[in-house]
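An overview of the molecular structure
Below, each chain spelled out in residue letters.
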Amino acid sequence: MTAETIKQSNFKRLLKYIKPYRAAFLAAIIGMIGYAGVDTFFFYHIETLIDDGLAASNPKILLYGALFVPLVFILRGLFNFISSYFLSYVGFQVVTNLRQELFEHLMRVPVSYHDKMSTGDLISKITYDTQQLAEATSRAILTLVREGAFVIGLLGLMMYHSWQLSLVFLLIAPVVGKVVTVVSKKFRHVSGNIQTAMGNVTTTAEQMLNGHQVVVMFEGQKKEAKRFHEINQRTRQQNLKLVNIRTISTSVIQLIASFSLSMVLVIASFPSMLEGLTPGAFTTLLTAMIMLLRPLKQLTNVNSDFQRGIAAAQSVFQVLDQDAEHDDGQKKLKRAKGDLNVSHVTFSYDQGDEPALSDISFKVEAGKSVALVGRSGSGKSTISSLLTRFYDWDEGSIELDNVDIREYTLQSLRRQFAVVSQDVSLFNDTIANNIAYGARGKVSREDIERAVKLAYVDEFTDSLPNGLETMVGENGVMLSGGQRQRIAIARAVLRNAPILILDEATSALDTESERHIQKALDNLQQDRTSLVIAHRLSTIENADEILVLDQGKIIERGNHAELLANKGAYAQLYQMQFGGAE
């Protein structure tokens, strides 16, 4: 598909977003045409003022003109308001709908897409690109219709007074068209670079803000400032390049128009031409030609706005065209028993990469627990991601209650799991609302308070002035790691799912807090299937089965006593943590 075809396709697609607001869009176009029509009507009557008023010394014509001018400008202002208001209304509706669609689509795309994309770049698409799309295309349409109608009106006026002189001016049209065509490609290319540069600005700023403490601690201020300076300068250069292209193309077109105006004056100086033109007609003709330079300049600039809008549309549509998560399952599961069966599963994050998991097999009966231990990067968390279908495996099968989990709908499958991760995600909301986020539908205050007690959240909320109504800040920045993890556990309690995944659930807790939380987790694990990922081996001693992973493979399995007796990898890990006390 050529660049021109893609541009046309994106433009047609953009029109679909305007379609629901076609009445308002039509009103805007009528306002634009009316605005241009009033201006043309005003210039048309210059001849009457000069020939019938000044030349004929008729004061009545001049008095009528005095009344006529304010009325014209009132009408002009009315049409300007109609065109500006309704075009802005359509533009804001389009950008609002696009942002909403983009936001919702980003929640539907696979986790693998978010792994590859920068968060700052995606934020830039939701904020900057959609705004550019609306602003640029609105300006382009306003200029194209209003100034285009004005040009047609002025050309009609010129043809009415002298078609011979008008033809000279019309000869510039093909030349102007060629100039516009040449610069269009450049506009589109530079506009695309600006979209990318703005994404880099957002990404760099986001990384610095998120890692502010790390930057300050390791004296990375100069390094980050230099990185942002380079990206910021690149953005400035691309914007300047766009301005230069626009200015040069406008100047060239105006120069061409000035040559044609000079030719008109030369031809008008011939006696045969002078005899056929009254002073008023010649003044109107000359004024129309001079006035044509402004809309011609605007129509040249409209190309840069249009190309910037199309580049932004292409950037947004690239995200919207990403496939959503595959959800081909038909079975809806209300509440699972909790039997898990992982059989000969092999998985790679990217095609051609080394497998993150190789031939993994294990079973967990309903109500039982299995623990996964091993070095970082051995594949422990990957297994939990496959169970919740954040990724799809390459070979083997995963069954829940003797049914392949791909046969369940994603929504009903994920409702069977409660996950407590080492990376706790909290929203800038109250503690109570963050806990309630784990439940489906409405939950009572009593349910929240019960979860709070089970997870020992009340140990720190009781001392807070606003208690459970305390705002946690962005991603829980106002809380300690242990407090955030307790909230995550309370969220899992409230979810009341039949399968529990604990991914380093006590990693951020001190010894005393860990004892409290471990009791809560023990209560939570009762009558639930549990998958426990842990570095602290003390938290998994009571697991029904322990799997030791290394480089994506299970190298040992058994319960705590059996693995210690084997004196293999698990026993070595245990000895490293406890100094061979057992």
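Note that the structure is a prediction, hence the values are computed from the model and not measured.

1. Concerning the pairing of strand β1 (residues 340–347)
Among the 8 residues that make up β1, 6 are buried, leaving the element largely enclosed by the rest of the structure. In this structure, β1 lies alongside strand β2 (residues 357–364), joined through 5 bridges in antiparallel fashion. Of the residues in β2, the one forming a bridge with Val-342 is Phe-362. As paired elements, β1 and strand β4 (residues 395–400) share 5 bridges and run antiparallel to each other. Paired with Asn-341 across the strands is Glu-399, a residue of β4.

2. Here we look at the nonpolar core
What tends to happen in soluble globular proteins is that the nonpolar side chains get buried as a cluster. With 44 residues, the main nonpolar core has Ile-435, Ile-540 and Tyr-570 as its most contacted residues. Take this core: its biggest share by element is 7 residues, from helix α18 (residues 481–495). Those residues in contact with Ile-435 that lie beyond four places of it in its chain are Ile-448, Ala-451, Val-452, Ile-487, Ala-490, Arg-491 and Leu-494. Of all hydrophobic cores here, the second largest spans 31 residues; its members include Val-342, Ile-383, Leu-387 and Tyr-408.

3. A short note on a nonpolar patch on the surface
On the surface, Phe-81, Tyr-85 and Tyr-89 cluster together into a nonpolar patch covering about 340 Å² of accessible area. Tracing the backbone shows Tyr-85 in helix α4 (residues 59–106).

4. Here's the deal with the UniProt feature "transmembrane region" (unreviewed entry) in the protein chain
According to UniProt, the positions carrying the feature "transmembrane region" (unreviewed entry) are residues 21–46, 61–79, 165–183 and 243–270. Along residues 21–46 one finds 92% helix and 0% strand; the C-alpha atoms at either end are 39 Å apart.

5. Quick look at the sheet that holds strand β5 (residues 403–404)
If you walk across this open sheet you meet the 4 strands as β2-β1-β4-β5, and the pairing is antiparallel. Strand pairing shows two members of the sheet lacking a second neighbour, β2 and β5, which therefore form its edges.

6. Description of the packing of aromatic side chains
On inspection of all chains with the given rule, the structure shows 9 aromatic pairs. Note on Phe-347 and Tyr-391: the rings are 5.7 Å apart at their centroids and 50 degrees apart in plane angle, and the pair reads as tilted. Residue Phe-347 is found in strand β1, and its partner Tyr-391 is found in the loop between α13 (380–387) and β4; the two are separated by 44 residues along the sequence. Judged by relative accessible area, Phe-347 falls into the buried class, the value being 2%. Ring geometry for Tyr-349 versus Tyr-391: centroids 5.1 Å apart, planes at 85 degrees, classification edge-to-face. Taken together, the residues Tyr-349 in the loop between β1 and β2 and Tyr-391 in the loop between α13 and β4 connect sequence positions 42 residues apart. The class of Tyr-391 is buried, set by a relative accessible area of 11%.

7. Looking at the sheet that holds strand β10 (residues 553–558)
Sheet strands pair by backbone hydrogen bonding; their relative direction is either parallel or antiparallel. One open sheet holds the 6 strands; their spatial order is β6-β7-β8-β3-β9-β10, and the pairing between them is mixed. Both edges of this open sheet fall to β6 (417–420) and β10, since each of them pairs with a single strand only. Each adjacent strand pair in this sheet contributes to an overall mean axis angle of 15 degrees, direction not counted. In the sheet, strand β3 (residues 369–374) pairs with strand β9 (residues 545–550) via 5 bridges, with the strands oriented parallel. Looking at β9, one finds that Gly-374 is bridged to Leu-549.

8. Quick notes on α18
Taking 1.5 Å of rise per residue, 15 residues should cover 21 Å, and α18 covers 21 Å from first to last C-alpha, within 8% of that figure. Counted residue by residue, α18 has 11 buried out of 15 residues, so it is predominantly covered. What α18 keeps buried is the set Gly-482, Gln-485, Arg-486, Ile-487, Ala-488, Ile-489, Ala-490, Arg-491, Ala-492, Val-493 and Leu-494. A positive backbone phi angle near 55 degrees is found at Asn-496, which sits one or two residues after α18.

9. Quick notes on the confidence of the model for the protein chain
Summarising the model, the protein chain shows a mean pLDDT of 80, and 84% of its residues fall at 70 or more. The least confident element of the protein chain, judged by mean pLDDT, is helix α11 (residues 271–275) at 64; the most confident is β1 at 94.

The rules behind these values
- Residues numbered from 1 in each chain as written.
- Predicted model: local features only at pLDDT ≥ 70, side-chain atom pairs only at ≥ 80, totals over all residues.
- Heavy atoms only, no water.
- Buried < 20%, exposed > 50% of the residue type's maximum accessible area, 1.4 Å probe, protein only.
- Helix = DSSP H or I, 4+ residues; strand = E, 2+ residues; numbered from the N terminus.
- Pairing = 2+ DSSP bridges.
- Core = buried A, V, L, I, M, F, W, Y, C linked by side-chain atoms within 4.5 Å.
- Contact = heavy atoms within 4.5 Å.
- Patch = residues over 30% accessible without salt bridge, like charges linked within 9 Å, V, L, I, M, F, W, Y side chains within 5 Å.
- Areas by Shrake-Rupley, 256 points an atom, 1.4 Å probe, with all protein chains shown as cover.
- Salt bridge = Lys/Arg side-chain N within 4 Å of Asp/Glu carboxyl O.
- UniProt positions renumbered as here; feature names shortened; annotations may be inferred.
- Phe/Tyr/Trp six-rings, centres within 6.5 Å; stacked < 30°, edge-to-face > 60°.
- Axes fitted to C-alpha atoms, helices over the stretch in contact; angles between N-to-C directions.
- Expected span 1.5 Å × (residues − 1).
- pLDDT = per-residue confidence, 0-100.

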